[in-house]
Amino acid sequence: MIIWITGLPGSGKTTLAKKIKSILESKISNNIVLLDGDNIRNILPYEMAYSNESRVKLAHFYSKLALLIEESNCIVICSFVALFHDVQEQTRLTANDYFEIFLDPSLDELVQKNKKGLYEENSDYLLYQFPKHEYPRAPELRLNNIVNGIYQDHLNEIKKKLFRRLKISH
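This structure is a prediction, so every number in the text was calculated from the model and none was measured. (Residues numbered from 1 in each chain as written. Predicted model: local features only at pLDDT ≥ 70, side-chain atom pairs only at ≥ 80, totals over all residues. Heavy atoms only, no water.)

Draft legend 1. Looking closely at the packing of aromatic side chains. Counting across every chain of the model gives four aromatic pairs. Between Trp 4 and Phe 80 the ring centres are 5.3 Å apart and the planes differ by 70 degrees, which places this aromatic pair in the edge-to-face class. In this pair, Trp 4 sits in strand E1 (residues 2-7) while Phe 80 sits in strand E3 (residues 75-80), placing the two residues 76 residues apart along the sequence. With relative accessibility at 0%, the residue Trp 4 sits in the buried group. The buried category is assigned to Phe 80, whose relative accessible area is 1%. Ring centres 3.9 Å apart and planes at 10 degrees place the aromatic pair Tyr 62 and Phe 80 in the stacked group. Taken together, the residues span a long stretch of sequence, with Tyr 62 in helix H3 (residues 52-70) and Phe 80 in strand E3 at a distance of 18 residues. The same class applies to Tyr 62 as to Phe 80, namely buried. An aromatic cluster of at least three residues, connected via ring pairs, comprises Trp 4, Tyr 62, Phe 80 and Tyr 98. (Phe/Tyr/Trp six-rings, centres within 6.5 Å; stacked < 30°, edge-to-face > 60°. Helix = DSSP H or I, 4+ residues; strand = E, 2+ residues; numbered from the N terminus. Buried < 20%, exposed > 50% of the residue type's maximum accessible area, 1.4 Å probe, protein only.)

Here's what the structure looks like:
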């Protein structure tokens, strides 16, 4: 299974992915792999640009890596921006099982958090990348309220849906 957590930068993807990994590890084996966009960028043997073309290439790479790991009977939790319909749909069609979570907090919450400075007025991100994102068409879950950096209000809903898909008892 691939659990694909996507959303804008600063929306809490990594935090939620780590929480889901912890929850799953308490219920099942340790065949759970967490792939995080920032971590993967740090180990690439080349510098990856932030152009739209480079982002699309990288998103396809993330997808192929997740699919390869899934083939080894692992649950793969992915936390990537990767907001491109082609990548989302290709991964959904190719994976043995695909569960998409779209983190969709208000822009006000993201601007307030703004850890990486991406949401500064007239930033390159807001001017050039933000308008090109393609939000998921039919995610299994769409979450939109961050509380203390986590989607605490939604954890029971996430567990219920994931456990049902994975055939795990509560």
